[in-house]
Amino acid sequence: FGYRLVSITATDDVIINSIQSIPVTSIAENLETGVVTTGHELVNKLISNTVWGQRSNYLSVPTDCPQRNERLGWTADTQVFTATGTFFANTNAFFHKWMRDVRDTQGEFGGFPGVAPVAQYGAEPSSMMRVGWSDAGIIVPWTIWKQYGDNSIIEESWESMERYMDHVARTKYDHTALSAENSNYQWADWLSYEALESCSGRMNDNFTETLGYWNYLCASYWAIDAAMMRDMASAAGKDAAKYEQMTAEAKAYIKDTFMNEDGTFKTAILNTMQTPALFALKNGILEGKAKEDMCARLRKNFEDHDNCLQTGFLGTSILMGTLTDNGMEDIAYELLFQRRNPSWLYSVDNGATTIWERWNSYTLEDGMGPKGMNSFNHYAYGCVCQWIWETAAGIAADPAEPGFRHIIMKPVPDKRLGHLDAEFKSAAGTIRSSWKYEGDAWVWTFTIPEGASASVTLPGETEAAEYGAGTWTISR
């Protein structure tokens, strides 16, 4: 049972010599693998909150929260955080176990559930094919394979993943075609601040627009899943061509069905939102001027929201990496340092010790968030730490050589962080990245373990240089 404070009542005068709290968790101390610290006190607290959220929610299954009556293996919460969790702890065996739960809970037609293993709700035959939740059946094995170079999770899940992908391809992941399995409802970009959000009921404002949005998100995950299947098929000696073709089919379907020629969305309200643009950019749907214009609209959107994110569970999971990959790392850092609601540091400023379920789980203006569903210990939004590891520290796995045998080191520093020190015990050995500023000079020291190599791209550059094992220092 998760808690934040302990109340002790005594019936007489007592002297308390010590109080100990012993975490009960699947993340044993010997499984902890990564520590990252910066020169920014609030960012360090955000990292700490993420780690404690993982410890208290990874207990036999990856739960959504440890303190209210659910404690269920929600599949979207899991998939958006899986990569982040692998940096802080060795979760390879943990997810081999959980993927058995997922396969055991797979639906009759191949859909994956909203919750695994079966619990009081979320795994009924009518709770399958919920976009972003069902896709955990593909995203989690791909992530574990990429981070640990472990082909066995592909072999164990391949048959169930193929069943799922065949079902997705047959139906084009169309919400209405799958209504018997999803009961005509999607959680979608859960708890976002944007239009058409489901929990708030804004999805009912114009259901025609909502249906267009849901189908777009479904198609976006179809493309993401297919590309991951292509990677896993190549690694495990399966039919990669099938999924190369499916990836192209999904992307063409997105472009033809949901986009105008100028790169705007046919469902007009999507052009006013952050999450749809992020998925289009992540999947590389647009090129040339259409892409440039979408990036410009997205920049304007953040400007109009005073550099605050508006994304929910799904949009936030791809937010920081997609911005960085598309030349908007300046916005990513603005979001990291943002202290107005909604933001990560707003919760830190208001006493958070773990990650909140809602951006507005508590606000100064309104006090406690909605009583019907509110938690101060959900780890999903802690996925920002994946970006801290991969982009701020510059430690990322290369799917072409998984398990960090080849490392993508492309650090993006910011003076406001002050300095950064990261040490990660990867599947290939200990990787280190440490940088600081000496006046206007940026000084970076990094270590590549024996038997591994790295493609190193320095800040402001586009060309990568290859480095072998050893410790290197670069000043710019």
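Structure: see above.
Below, the structure is looked at part by part. (Residues numbered from 1 in each chain as written. Predicted model: local features only at pLDDT ≥ 70, side-chain atom pairs only at ≥ 80, totals over all residues. Heavy atoms only, no water.)

On to the sheet that holds strand β11 (residues 453-456). Across the sheet, four strands lie side by side as β6-β7-β11-β12; this open sheet has mixed pairing. Here the strands that pair on one side only, and so sit at the sheet edges, are β6 (396-397) and β12 (465-467). Direction of pairing for β6 relative to strand β7 (residues 406-409): antiparallel, over a ladder of two bridges. Counted as the bridge partner of alanine 396 is isoleucine 408 from β7. (Pairing = 2+ DSSP bridges. Helix = DSSP H or I, 4+ residues; strand = E, 2+ residues; numbered from the N terminus.)

For the rest of this paragraph, the subject is helix α1 (residues 41-57). Residues spaced three or four apart along an α-helix face the same direction, because each turn holds 3.6 residues. In this model α1 runs 24 Å from its N-terminal to its C-terminal C-alpha over 17 residues, within 8% of the 24 Å that 1.5 Å per residue would give. By the burial criterion, the buried members of α1 are Leu42, Val43, Leu46, Ile47, Asn49, Thr50, Val51, Gly53, Gln54, Arg55 and Asn57. (Expected span 1.5 Å × (residues − 1). Buried < 20%, exposed > 50% of the residue type's maximum accessible area, 1.4 Å probe, protein only.)

Moving on, we come to the nonpolar core. Ranked by internal contacts, the top residues of the largest apolar core, which has 142 residues, are Tyr173, Leu323, Leu336, Trp344, Ile395 and Met409. Take this core: its biggest share by element is 16 residues, from helix α7 (residues 207-236). (Core = buried A, V, L, I, M, F, W, Y, C linked by side-chain atoms within 4.5 Å.)

Before going further, it helps to spend a moment on the packing of helix α4 (residues 136-148) against α7. In contact at an axis separation of 10 Å, α4 and α7 are set at 40° when each is read in the N-to-C sense. By the angle between their axes, α4 is oblique relative to α7. Where α4 crosses over α7, the handedness of that crossing is left-handed. Along the contact surface, α4 presents Ile138, Ile139, Pro141, Trp142 and Trp145, while α7 presents Tyr221, Asp225, Met228, Met229, Asp231, Met232 and Ala235. Grouping the amino acids of the contact of α4 with α7 by side-chain chemistry returns ten nonpolar, no polar and two charged. (Axes fitted to C-alpha atoms, helices over the stretch in contact; angles between N-to-C directions. Parallel < 35°, antiparallel > 145°, perpendicular 65-115°, else oblique. Left-handed = near helix turned anticlockwise from the far one by under 90°. Contact = heavy atoms within 4.5 Å. Nonpolar A, V, L, I, M, F, W, Y, C, P; charged D, E, K, R; others polar.)

Enumeration according to the criterion identifies 20 salt bridges in this entry. The shortest N-O distance in the salt bridge between arginine 68 and glutamate 357 comes to 2.8 Å. Here arginine 68 is found in the loop between β3 (61-62) and α2 (75-88), whereas its partner glutamate 357 is found in the loop between α13 (344-349) and β4 (362-363), with 289 residues between them in sequence. Taking the relative accessible area as the measure of exposure, arginine 68 reaches 16% and is therefore buried. Overall, glutamate 357 belongs to the buried group, its relative accessible area being 2%. Among the ionic pairs, lysine 242 bridges to aspartate 166, the shortest N-O distance being 3.0 Å. Of the two residues, lysine 242 sits in helix α8 (residues 240-258) while aspartate 166 sits in helix α5 (residues 152-171), which places them 76 residues apart along the sequence. A relative accessible area of 26% places lysine 242 in the partly exposed class. (Salt bridge = Lys/Arg side-chain N within 4 Å of Asp/Glu carboxyl O.)

What follows concerns the packing of aromatic side chains. Remark: the centre distance and the inter-plane angle together describe each pair of aromatic rings, the angle taken between the planes. Enumeration over the complete set of coordinates arrives at 37 aromatic pairs. Their ring planes at 55° and their centres at 6.5 Å tell us that tryptophan 435 and tryptophan 442 sit as a pair that is tilted. No difference in accessibility class separates tryptophan 435 from tryptophan 442, as the two residues are buried. Their ring planes at 75° and their centres at 5.4 Å tell us that phenylalanine 446 and tyrosine 467 sit as a pair that is edge-to-face. With a gap of 21 residues between them, phenylalanine 446 in strand β10 (residues 441-448) and tyrosine 467 in strand β12 connect regions that are remote in the sequence. Here tyrosine 467 falls in the partly exposed class, since its relative accessible area comes to 22%. Feature note: the residues Trp435, Tyr437, Trp442, Trp444, Phe446, Tyr467 and Trp472 constitute an aromatic cluster, connected by ring pairs. Residue placement shows arginine 55 over the ring face of tryptophan 52; its charged tip is 4.5 Å from the ring centre. The ring centre of tryptophan 187 lies 4.4 Å from the NZ or CZ of arginine 130, which sits over that ring. (Phe/Tyr/Trp six-rings, centres within 6.5 Å; stacked < 30°, edge-to-face > 60°. Lys NZ or Arg CZ within 6 Å of the ring centre and 35° of its normal.)

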